[in-house]
Every structure is written in C-alpha cells, then in structure tokens.
Amino acid sequence: MKMPHRNQVLVIVLLVAAAAVAYFPAFDAGYNFDDRPLLQNNPQVKSLKNVPHFFASKDARVSWTRGNLKNDTYRPLQSVSFALSYSLWGDRPAMFHRENILLHAVNGVLLYFLLIALLDSTGAALLAALLFVIHPVQVEAVTYLSERASLLSMTFFLISICAFLASQRRETWFNGYTAISLAAFALSLLTKETAVILPVVLVLYCICFRDREGPAIKTVLARTWPYFLAVLIYIGVRTASLGQIAQTEALPLWQRLLIMTEVFSRYLGLTLFPRHLSFFPEINTTPFALKPAYIFYGAVLAAFIGLTVWLLGKNRRMAFFPAAYLVAFLPVSNIVPIKTFMQERFLYFPNAFMFPLVAFYVTEGLGRLGQRHGAIARYSAMAAAGLALVALTARTHVRNRDWQSQETLMLNEVKVHPGNGKAYYDLAVERFSRRDYDGARAYAEQALEHTTHNIHLAPIHNLMGKLDDIAGRDESAVQHYRMAIQMDPGYPYPYNSMGVIYARHGDFKQAIPFLEKAVELNPSSAAFYTNLGNAYFRNGDRDQALAAWNRSLAINPNQPDLRQAIRESGGQ
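About the criteria used
Residues numbered from 1 in each chain as written. Predicted model: local features only at pLDDT ≥ 70, side-chain atom pairs only at ≥ 80, totals over all residues. Heavy atoms only, no water. Helix = DSSP H or I, 4+ residues; strand = E, 2+ residues; numbered from the N terminus. Expected span 1.5 Å × (residues − 1). Axes fitted to C-alpha atoms, helices over the stretch in contact; angles between N-to-C directions. Parallel < 35°, antiparallel > 145°, perpendicular 65-115°, else oblique. Left-handed = near helix turned anticlockwise from the far one by under 90°. Contact = heavy atoms within 4.5 Å. Nonpolar A, V, L, I, M, F, W, Y, C, P; charged D, E, K, R; others polar. Salt bridge = Lys/Arg side-chain N within 4 Å of Asp/Glu carboxyl O. Buried < 20%, exposed > 50% of the residue type's maximum accessible area, 1.4 Å probe, protein only.

Q: Help me out: how do you make sense of helix α15 (residues 348-373) in this one?
A: Every α-helical turn comprises 3.6 residues, leaving residues that sit three or four positions apart pointing alike. In this model α15 runs 37 Å from its N-terminal to its C-terminal C-alpha over 26 residues, within 8% of the 38 Å that 1.5 Å per residue would give. Among the residues trailing α15, G374 stands out with phi positive, at a value near 95°.

This is how it looks when you write it as structure tokens:
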C-alpha cells in the first residue's frame, strides 16, 4: 500500500481537530432514546463479568426493562465496548460521547490512509476524509451513543480492507495480512451486521483496481472466498442467537422496493444539501399508496446506476465507489425487513464510498480549472471549497446542539416536522420523567392532535391515563387506559395500569385479569410481575404471590424491598 506523504502527521492532527470542533457541543451531551435501555439502565453492561455472555445470551445484551430490543440485533462487541467504558467512567454519558467522537476521528484517519492507496491523490483523500468527519448527516451515527456499533464496526471494516490490500502484494494468497484482514472482518461483523457487505466490496475492488482486463472470476473468488464463508458462519450464529432473521413483519417486497427508491433519493439529497435533518424522517408507509413521485425516485436510482455503469467503461477505478455505495445500502434496504425505512445513521457506511467519489471529481475539477483559467481562478475555487467545508462544520456543530438531550432533539424535531405526533409524545414523556406534569399534558394533547395511527395513539392515551392517575382522577384515567387497549390490544402497559388502579380500590376481581394480561404480553417486565404478586397477596393467594414475586426477582435481582416482602411473607 502506498503511504501518504511527509505531512501525514499534520493530516492526522487536522482530521482529529476537525472532529473536535464539529462535535464540541456533544462533549457533554446526555442519553437519548435507546441509550437508556442499552446503556444507562442496562445492568448487564455494568459488570465485566457479563462479557462472555454477550456472545451467547440475548438477555445479557439488553436491559430487562426493554425486552422488545432483545431480538433486534446481534452486536456483542458493542455490549463489550459499553462494559469496558462503564468500568472506566461509570455513569458519565459525557465520557461515552467523547469516546464516540474519538472513534469517528479514527475512522476518518483510517479512511484517509485507505484512499491514499485507492485514489493515488493526497488532495482527494484528504478532502474525502474531511467530508466524512465533518458532514452534518454523520451526526446521528456519532452522537447517538446506541450507534457505537456503527463507529466501531467501521473501524474494523476499514482495517480489514487496508490489510486485504496489503495482502495482495504478497506472493501467497494467505499471509499475515490476510489473517489480520479476516480477524478484523470478524470483529466488524460481531459489532454490527452492516459489515456483511465487505466481501462484495472486496470483489468490486478486485474487478476495478487490478489489471486492465480485470482478473478472472476464479481468481477473484480465490481471493475472497474466506470472507463469504465468514458471512455464512456469522448469519448462522446470529440467527441461532436471535431466533429470527428479519426484525419485523413487512410490506410486500415490491412495495418495500418502491419505498426504498424514495429513501435512496432523499439520502442523496441529504448528502448534497444537508438541510432539515431529522431523527424521525417522514416516510409514509402505512397505508402504502402508489404515487407519481415514485417515477421520479426510480429515475434518480436508475440514473445513479447508469452513472456507475458508465464509469465502468470510462474510469473503472472510480466506478468502484458508486458501486460500493449501492452495495452499502443493501443491509438497510428492507429486502430483509428491518423496523425502519430511513434513518440518517444508516448513511455512515455508504458515505465512506460517496465522499471519495465527490472529493476526486472536485479536486480533478480544481486542477483543470487552474490549467484552463490560471492560478487565480483555481485558488478562488479552492477558497470557495474551503468556505463550504467551514459551513458544513458549522452546520454539524449546530446539529450537535440539537443532540444535547432528548428534549432538545425533539424540540428541533417539531420545528422541522410540526405535524409529527411522535415528537410531541416523546417531549411529553421527557417532561413526565421530570415530574413536569402540566408540561407533559400539554405536549400529550398536541401529540393526540397530530397522531392518526392507532398503534401510535395507544401510548399517548396510556400517558394521559398516567397523568390523570397522578392527579387523582381515576375515572378519567381508566377511560384513557381503555382507549389505549382499544387502539392497540397488544400494548401491555395500560393493562398493568388498569390493574394497579383496581387493586388500589380493592377490586381484585377486575385487577388480577388485567395484571395477568400485562405479564402475558410482556413477560420480561419485572414491575408487571411485582404488581401481579402484590394483587395476589392482597387477595389472599400467598403461593401465587410468591411465584410472581420470584419471577420478578429472576428478571431484575436488584429489588431489596421485594426481597424483604418475600421474607416477611414466609418465602425464601
């Protein structure tokens, strides 16, 4: 691999400094959304003794308070990373954020070194690495602590590619660099499933960066088959651990593919014009409806594919980057269904291939401009490009302010999408957690006004019921809980809340069936079992009470008051 020129240390310092400036507001940010069940409230990552279990037990990877996350992903090395960080810093989110920013800067440096070899242009490699580090669309992947997986997986991913390139300079197909590359690939897979694209990326490299005619298929497979074998092994282990492949039930494949043409077009727009950044991108999927805009979206995707094919004939090396960009979308394309269609964090891997494409043609254009119109024109264009980088850094800096807390993030969300009921609901939950019940009610009422889908209305009514419950308006609370159950019969929380109200009034005939339904729907909730045990005990059924309480302790052992209640009732 060709190494960078003598100013490589300066380049590394520049990339790290650019990351620090762009992400400075995130140095002291807090926890957001899944950060809480995966990290803050997850007892599993608070002891290094649990590290071996992360690879085999889904219960060991995810907090008991959010069992619905357990079947989503197999990312044991992310949990290992959280456990190591927690052993160093404890419950200090600022330190976790600083680690994420450092990992992001390291990825920028690794990308620079890789592109030195691929582009044979220090200027293009540096510009691409800078874009990767400071572009605003990267913020969600970097500042969202739950996306530590993307950052760490990218680190191993880039190391694997670099080692693979180095291995191609050796006489034998398997050598020390090959071993390093395969080991890094395995670590990348165990950190995030997106890394499954690497074997295809290596095939594209073999086709685009070798001799003029390209190697024979047999030669390409001889170089890459161990990586495909690693993917098959990984898929087997992941499926055995999670018990499933897809995250969720899905729309028919043809509908998902149509929706993804829109998502692809919007991703391109966010990369070129990073405005209206959003944690909840508005993609209408339910109910699905055909619309004329899909013709435009399909044309955008077709044009991008056409560009890739054209480059194969015009500049085969540069064709590698748009082809790899397309491949990088496959894990999030919903061919294998996942829970969401569009999130800015899904661009982290594709951007590693888009920014080099942009940087190469920008630097090429600057060079040609200088040749045709002289140094003044070239330097003027370079100054404009520099101002664009400064503007992108400033936009990233501002976007990181949005990520200071879940509340600041959602306040920005309602500015971008004032009709987004989910954002208002999350603001209501945040105010509720701070015991600002008037503020919670105001946001909950706005959430009701802007929400139409039953599955989203159910938690809003449940929250309204809690607010009425706290205010002593039991009758109104019960009405909201019944409405929540009507909206989504599979939503467990209103059943639990209804049961608690009836138990409080001594009506165990109604309380117990509701509490039993709650634990049936969510058997991973320790609180539900505790409430059910309390109702059994007050109704005179000591044996069933002890069974429910012991089940609660099995889920969450850290309940000293419950242990005391069991001892006082004669249990063990």
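Q: Sorry, what's going on with the packing of helix α5 (residues 93-119) against helix α6 (residues 122-134) here?
A: Packed helix pairs are specified by the crossing angle of their axes together with the interaxial distance, meaning the distance between the axes. Two elements in contact, α5 and α6, have axes whose closest approach is 8 Å; the angle formed by their N-to-C orientations is 155°. Relative to α6, the element α5 lies roughly antiparallel. With respect to the hand of their crossing, α5 and α6 are arranged in right-handed fashion. Listed contacts from α6 to H104, N107, G108, L111, Y112, L115, I116 and L119 of α5 are T122, A124, A125, L126, A128, A129, F132 and V133. Taken together, the residues of the contact of α5 with α6 sort by class into 12 nonpolar, 4 polar and no charged.

Q: Quick question: what am I supposed to make of the pattern of salt bridges here?
A: Side chains carrying opposite charge are able to pair once their charged atoms draw close together. Inspection of every chain in the model, using the stated rule, returns 21 salt bridges. Taking the shortest distance from any N to any O, the salt bridge between R345 and E147 comes out at 3.5 Å. Linking R345 in the loop between α14 (316-328) and α15 with E147 in the loop between α7 (139-143) and α8 (148-167), this pair joins segments that are 198 residues apart in sequence. Each of the two residues, R345 as well as E147, counts as buried.

Q: Even after reading the chapter, I still don't get the side chain of E99, so can you show me in this structure?
A: By the secondary structure assignment, E99 is in helix α5. With a relative accessible area of 19%, E99 lands in the buried category. Not counting the four nearest positions on each side in its chain, E99 is found in contact with S85, W89 and R148.

Q: Would you explain the packing of helix α17 (residues 406-416) against helix α18 (residues 421-433) in this entry?
A: Direction vectors running N to C along α17 and α18 enclose 150°, while the axes themselves pass 9 Å from each other. One finds that α17 runs roughly antiparallel with respect to α18. Once α17 is placed against α18, the crossing between them reads as left-handed. Facing Q406, E407, M410, L411, E413 and V414 of α17, the residues of α18 in contact are A423, Y424, D426, L427, E430 and R431.

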